[in-house]
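Structural overview for review
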Amino acid sequence: MKWLSFSVIALLSLPVSASQVEVLHWWTSGGEANAVEVLKSEWTEQGNQWNDFAVQGGGGKSAMTVLKSRALAANPPEAAHLKGYELREWAGLGFLRDLSPMAEHLGWYTKMPAMVRETLSQNGALMAVPTGIHRVNWLWLNRKLFDEQGLTPPTDWNQFVAVAERLKAHNITPLAIGNEPWQLAVLFETVALGEGGKEFYRKAFLEQDSATLTGPDMVRVLTRFQQLRAYVPQKYAGLKWHQATNLLESGGAAMQVMGDWVKGELSAGNYRPGEVIACLPSPGSAGLFSYNLDSIAMFKQRDPAQLQAQGDLAQLLMTPKFQEAFNRVKGSIPALTNPDMSKFDRCAVHSYQDFLLAEKQGNLLPSMAEGMATPTNMRQAILDVLSNFFNDPNANPEQTALRLERAMRSTR
Ligand code: BGC
């Protein structure tokens with residue numbers, strides 16, 4: 001402990017010199033790249049050097065594969081975008097630098113909402129610094145198409161299907177989505193929230209309760225999920241999430257169910273989120289807030305210069321100024337308490353208000369699709385079952401519920 005606090009003080013008081021960091025992330029879509037640019041420019045403005053280690057691929061699967069090979073070669077980057085269970089697992093293996101001495105010294109804990117603090121802590125260690133809170137349960141819709149067709153935004157899944165049928169009858173693709181398993185998992189999880197409700201979601205994914213996973217509610221949720229297959233774009237194979245967003249913006253599709261990184265993409269295309277494209281809680285999930293907490297972890301290093309650079313970066317990430325600038329572009333909300341929301345778009349303000357309310361009412365739910373709710377291998381098993389199911393027109397919901405339960409049990 002003595003050594004730790006000495007090292008923190010020593011690091012904080014080293015003379016200011018240029019720091020260099022390599023940062024792994026998968027923020028590569030137009031909007032995401034703009035957000036990285038915000039971070040990079042704040043970092044380089046302080047006279048530091050940024051080595052970008054960007055790996056293509058929404059959901060981060062490829063980024064994680066690349067990171068594993070670098071870590072196995074004993075050459076990890078100084079910092080990486082790691083979150084949820086993935087973060088815990090890397091910390092459990094002993095790869096990550098414990099940031100709690102810094103957090104204590106600089107009073108970070110009181111600046112983080114409880115959910116953020118808890119998600120990022122393990123056995124008293126702070127495993128990463130937060131960069132923003134994304135809400136996952138959103139429905140985005142193209143207002144112009146809705147107005148032209150005289151449609152009302154759906155607030156439950158029955159209404160969603162009714163609207164989708166009307167759109168389809170006018171040759172408009174109802175739902176912008178690609179066939180990547182993680183995109184399908186986002187859709188599935190919002191159906192689970194909207195059709196099954198909060199307790200169902202908790203029991204199924206947080207408690208992994210066998211009776212819930214195989215029960216009638218799960219069968220209903222799966223049946224609804226399967227029904228949505230009729231509304232995807234013709235070219236849905238290989239469609240990336242941001243291409244789906246572009247389809248929505250351009251009027252090639254009427255709705256998208258996706259986390260609010262969509263907003264980064266809308267702003268990059270000069271759309272004002274909340275206006276041309278409306279944001280609503282996904283059907284049936286008003287009041288609930290499924291979260292995806294983005295965070296950056298630091299890999300253990302020996303070189304004092306690298307340690308210093310990590311400390312500098314962590315401090316920058318924790319400033320309200322950075323959090324405001326970054327999250328305004330990224331689509332998320334700051335992961336610090338009492339952020340100044342005055343310059344954020346109306347979807348972000350909505351998200352922040354809902355976050356506060358959900359926090360009070362116990363309605364904050366970790367996103368399964370985004371790796372916040374289950375261990376990584378269990379999440380992968382769930383994604384496999386769901387995507388096989390969604391892509392097989394003859395798949396049977398009852399059997400799939402049993403398969404899902406079995407897959408989750410075998411990875412427990
Ligand atoms: C990340 C977001 C990112 C999204 C799409 C999520 O897993 O947490 O920051 O924008 O994937 O790439």
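None of these values were measured; they are calculated from a predicted model.

**Remarks on the domain arrangement of the chain**
- We note that the domain assignment places domain 1 (19-133 + 294-351) and domain 2 (138-290 + 355-410) within the chain.
- For domain 1 and domain 2, the distance between their C-alpha centroids amounts to 27 Å.
- Counting from both sides, the interface comprises 28 residues of domain 1 and, opposite them, 28 residues of domain 2.
- Between domain 1 and domain 2 we count two salt bridges in total.
- Ionic pairing is found between K263 and D345, a salt bridge with its closest N-O pair at 3.1 Å.
- Where domain 1 packs against domain 2, one counts 10 residue pairs in polar contact (both at pLDDT 80 or more).
- If you list the elements that add at least two residues to the side of domain 1 that touches domain 2, you get α2 (30-45), α4 (84-92), α6 (114-120), α15 (320-330) and α16 (346-361).
- Broken down by element, the residue count for the side of domain 1 that touches domain 2 peaks at five residues, all from α16.

**Regarding the state of the cysteines**
- Under the criterion given, the structure shown has one disulfide.
- For C279, the disulfide goes to C347, at an S-S distance of 2.2 Å. Note on the C279 and C347 pair: the S-S dihedral is about -100°, so by sign convention the disulfide is left-handed. Of this pair, C279 sits in strand β10 (residues 277-281) while C347 sits in helix α16, and the two are 68 residues apart along the sequence. Each member of the pair, C279 as well as C347, is classed as buried.

**Re the nonpolar core**
- Of all hydrophobic cores here, the largest spans 72 residues; its most connected members are W140, F205, M218 and M368.
- By residue number, the principal contributor to this core is helix α9 (residues 181-206), which donates 13 residues.
- Excluding residues within four positions of it along the chain, M368 makes contact with A185, F188, E189, Y201, F205, A373, R379, I382, L383 and L386.
- By size, the runner-up hydrophobic cluster in this structure holds 64 residues, among which are V23, A63, V116 and F326.

**Brief notes about the sheet that holds strand β7 (residues 138-142)**
- Across the sheet, four strands lie side by side as β8-β9-β7-β10; this open sheet has mixed pairing. In this open sheet, the two edge strands, each paired with only one partner strand, are β8 (173-175) and β10. Looking at each pair of strands side by side, their axes are set apart by 15° on average, direction ignored.
- Where α16 meets the sheet, its contacts fall on β7 and β10, and the angle it forms with β7 comes to roughly 155°.

**Section: the site of the ligand**
- Surrounding the ligand, one finds 14 residues, the nearest of these being W27, E32, D294, K330 and E370.
- The separation between an oxygen atom of the ligand and a polar side-chain atom of W27 is 2.8 Å.
- Contacts to the ligand include K83, whose side-chain N or O atom sits 3.0 Å from an oxygen atom.
- Isolated, the ligand exposes 310 Å² of accessible area, and the fraction of that covered by the protein chains is 100%.
- Grouping the constituent residues of the shell around the ligand by class yields four nonpolar, five polar and five charged.
- Split by domain, the residues of the shell around the ligand number at least three in each of domain 1 (19-133 + 294-351) and domain 2 (138-290 + 355-410).

**Details of unusual backbone geometry**
- A positive phi angle is found at Q208, which is not glycine, with a value near 50°.
- Relative to the assigned elements, Q208 resides in the loop between α9 and α10 (210-214).

**Concerning the packing of helix α11 (residues 216-227) against helix α17 (residues 376-391)**
- Interhelical geometry of α11 versus α17 gives an angle of 55° and a closest axis separation of 9 Å. The orientation of α11 with respect to α17, classified from their angle, is oblique. Relative to α17, α11 is oriented so that their crossing is right-handed. Along the contact surface, α11 presents L222, F225 and Q226, while α17 presents L386, F389 and F390.

**Section: the pairing of β10**
- Extensive coverage of β10 is indicated by the burial of five of its five residues.
- Burial of the side chains of β10 extends over both faces: I277, C279 and P281 are buried on one face and A278 and L280 on the other.

**A look at the side chain of T131**
- Secondary-structure assignment places T131 in strand β6 (residues 129-135).
- Look at T131 and you get buried, because its relative accessible area is 1%.
- Beyond its immediate chain neighbours, meaning those up to four positions away, T131 contacts W27, D294, S295, I296, L317, Q323, F326 and N327.

Cut-off values and rules
Residues numbered from 1 in each chain as written. Predicted model: local features only at pLDDT ≥ 70, side-chain atom pairs only at ≥ 80, totals over all residues. Heavy atoms only, no water. Domains from an automatic or database assignment. Contact = heavy atoms within 4.5 Å. Salt bridge = Lys/Arg side-chain N within 4 Å of Asp/Glu carboxyl O. Polar contact = N/O pair within 3.5 Å; in protein donor to acceptor, adjacent residues only side chain to side chain. Helix = DSSP H or I, 4+ residues; strand = E, 2+ residues; numbered from the N terminus. Disulfide = S-S within 2.5 Å. Buried < 20%, exposed > 50% of the residue type's maximum accessible area, 1.4 Å probe, protein only. Core = buried A, V, L, I, M, F, W, Y, C linked by side-chain atoms within 4.5 Å. Pairing = 2+ DSSP bridges. Axes fitted to C-alpha atoms, helices over the stretch in contact; angles between N-to-C directions. Near = heavy atom within 4 Å. Areas by Shrake-Rupley, 256 points an atom, 1.4 Å probe, with all protein chains shown as cover. Nonpolar A, V, L, I, M, F, W, Y, C, P; charged D, E, K, R; others polar. Parallel < 35°, antiparallel > 145°, perpendicular 65-115°, else oblique. Left-handed = near helix turned anticlockwise from the far one by under 90°.

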